[in-house]
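What the coordinates show
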Amino acid sequence: MQDIRIFGKKINAGYLFSSPGVLFFMIMAVYPAAFVIYLAFFSSGKGIAIDPSFIGLENFIKVFSNTRFWQITGQSFVYAGVVMLLNLSVGLALAVLLNQKCLNIRYLRVTRTIVLVSWALSPTVVAVMAKVMLHPQIGPIAQILQKLCSSIVFDPLGSTKTALLTIILTNVYMYMPFYFLSLLASLQAINENLYEAAIIDGANGRQQFFRITLPILKNNLLTLMLFNFCATFTYMDLTWIMTEGGPLYSTEVLATYAYRTAFNSYQFGQASAIGVIMFLVAVVFSVVVLRRMNKE
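An account of the accompanying structure is given in this report. Given the structure is predicted, the values throughout are model-derived calculations rather than measurements.

What counts, and at which threshold
- Residues numbered from 1 in each chain as written.
- Predicted model: local features only at pLDDT ≥ 70, side-chain atom pairs only at ≥ 80, totals over all residues.
- Heavy atoms only, no water.
- Phe/Tyr/Trp six-rings, centres within 6.5 Å; stacked < 30°, edge-to-face > 60°.
- Helix = DSSP H or I, 4+ residues; strand = E, 2+ residues; numbered from the N terminus.
- Buried < 20%, exposed > 50% of the residue type's maximum accessible area, 1.4 Å probe, protein only.
- Lys NZ or Arg CZ within 6 Å of the ring centre and 35° of its normal.
- Salt bridge = Lys/Arg side-chain N within 4 Å of Asp/Glu carboxyl O.
- Axes fitted to C-alpha atoms, helices over the stretch in contact; angles between N-to-C directions.
- Parallel < 35°, antiparallel > 145°, perpendicular 65-115°, else oblique.
- Left-handed = near helix turned anticlockwise from the far one by under 90°.
- Contact = heavy atoms within 4.5 Å.
- Core = buried A, V, L, I, M, F, W, Y, C linked by side-chain atoms within 4.5 Å.
- Polar contact = N/O pair within 3.5 Å; in protein donor to acceptor, adjacent residues only side chain to side chain.

On to the packing of aromatic side chains, then. Given two aromatic rings, one states the distance between the centres and the angle between the planes to describe the pair. Evaluation of the coordinates by the stated rule reveals 22 aromatic pairs. Ring centres of Y38 and F42 lie 5.1 Å apart, and the angle between their planes is 20°; this geometry places the pair in the stacked category. Of this pair, Y38 and F42 both sit in helix α1 (residues 13-42), four residues apart, which is roughly one turn of the helix. Looking at Y38, the relative accessible area reads 29%, which means it is partly exposed. Its relative accessible area of 28% is what places F42 among the partly exposed residues. A connected cluster of aromatic rings, assembled from ring pairs, spans Y31, F35, Y38, F41, F42, F54 and F60. In this structure, R68 is placed above the aromatic ring of Y249, and the distance from its NZ or CZ to the ring centre is 3.8 Å.

Turning next to the pattern of salt bridges. In total, this model carries two salt bridges according to the counting rule given. E58 is paired through a salt bridge with K62; the nearest N and O atoms lie 3.2 Å apart. Remark: K62 and E58 occur in helix α2 (residues 58-65); sequence separation between them is four residues, near one turn of the helix. Classification of K62 by relative accessible area gives partly exposed; the value is 34%. For E252, the salt bridge goes to R260, with nearest N and O atoms at 2.9 Å. Owing to a relative accessible area of 0%, E252 belongs among the buried residues under this scheme.

Going from G246 to P247, the amide bond is cis rather than trans, its omega being -5°. When you line up the elements, P247 lands in the loop between α10 (237-242) and α11 (254-263). Positive phi values are uncommon outside glycine, yet C149 reaches one of about 60°. Turning to its location among the elements, C149 is positioned in the loop between α6 (140-147) and α7 (163-188). Despite not being glycine, Y249 has its phi angle at roughly 60°, a positive value. With respect to the helices and strands, the residue Y249 is situated in the loop between α10 and α11. Since its relative accessible area comes to 31%, Y249 is described here as partly exposed.

Another aspect to go through is the packing of α7 against helix α9 (residues 205-233). Where α7 meets α9, the axes come as close as 11 Å, and the angle between the chain directions of the two elements is 150°. In terms of their interaxial angle, α7 and α9 are classed as roughly antiparallel. The two elements α7 and α9 meet at a crossing, and its hand is right-handed. Counted together, N171, F178, Y179, S182, L183, S186 and L187 of α7 and T213, L217, N220, L221, L224, F227, N228 and T232 of α9 form the full contact between these two elements.

What follows deals with the nonpolar core. Counting residues in hydrophobic clusters, the biggest one holds 63 residues, and the most contacted among them are Y79, F180, F229, F233, L254, I274 and F285. Top element by residues in this core is α7. It accounts for eleven residues. Those residues in contact with L254 that sit more than four places away from it in its chain are F69, I72, T73, S76, F233, I274 and M278.

Now for the side chain of T256. Locating T256 in the fold gives a position in helix α11. From its side chain, T256 meets the backbone oxygen of V253 in a polar contact 2.9 Å long. Excluding residues within four positions of it along the chain, T256 makes contact with M236, T239 and W240.

On to the environment of S182. Counting through the fold element by element, S182 comes out in helix α7. Sequence separation between S182 and L92 is 90 residues, and the spatial gap between their C-alpha atoms is 9.2 Å. The residues contacting S182, other than those within four sequence positions of it, are N220 and L224.

See below:
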């Protein structure tokens with residue numbers, strides 16, 4: 001790319017074209033992240049310190065000493081882990097099913113469109129729809145039970161036993177199509193000659209899947225697993241809109257806990273410490289998965 005002279009100095013024009021994007025990233029991502037780390041080590045009490053002073057690990061000690069933090073951390077891992085497994089397993093199953101050559105092309109197009117509809121909706125719309133559908137009084141399921149004169153109270157979001165599972169299934173309903181689409185594209189990129197050779201050697205469908213399909217998709221699956229876990233572990237939209245962490249903190253995750261600590265209790269230092277902990281968990285998980293991928 002041609003060089004441009006600015007104030008008598010030669011500058012590659014590529015730097016000028018990329019500078020707006022770099023500047024935007026610095027302002028919208030790097031600076032907020034750095035400020036959160038700063039608050040975690042320099043802000044104590046309520047609000048943001050006017051005269052900041054280094055307090056070391058004080059905010060982290062307060063967070064770790066709270067017994068509720070460990071319950072919420074466990075729920076966060078369960079939430080992210082189960083969502084990851086369901087998204088990948090259901091997405092892979094649908095991708096394999098809809099990649100069959102024997103299916104009618106019109107049927108495939110209609111089915112793929114139906115699967116992708118939920119992904120086109122915003123998290124707010126999905127969360128509100130789920131709340132209405134599962135409402136114990138005005139929801140359609142509750143209305144059907146009332147007309148049948150049933151004594152069953154259908155309120156999955158109001159029970160501590162089913163609320164987290166309900167949010168997990170809602171998350172899978174919304175985001176699974178993305179993983180389905182990614183895996184379907186990967187399946188369609190596999191050379192058909194591999195399967196033809198396997199059939200000649202006498203391999204059945206199960207053997208073809210475990211000996212050809214899965215090994216080829218392994219790195220793609222690990223990449224999607226990394227993305228899904230890190231995104232879900234730090235995700236709060238569905239949880240906050242549907243339950244706000246209730247009932248009785250049964251659906252509280254670290255993201256909603258950090259939000260509540262910051263904007264309800266105004267403990268910005270402790271909230272920033274929770275954010276740093278979430279970041280470190282994502283980094284550790286990323287390192288483990290990337291090392292696994294590099295070994296392949």
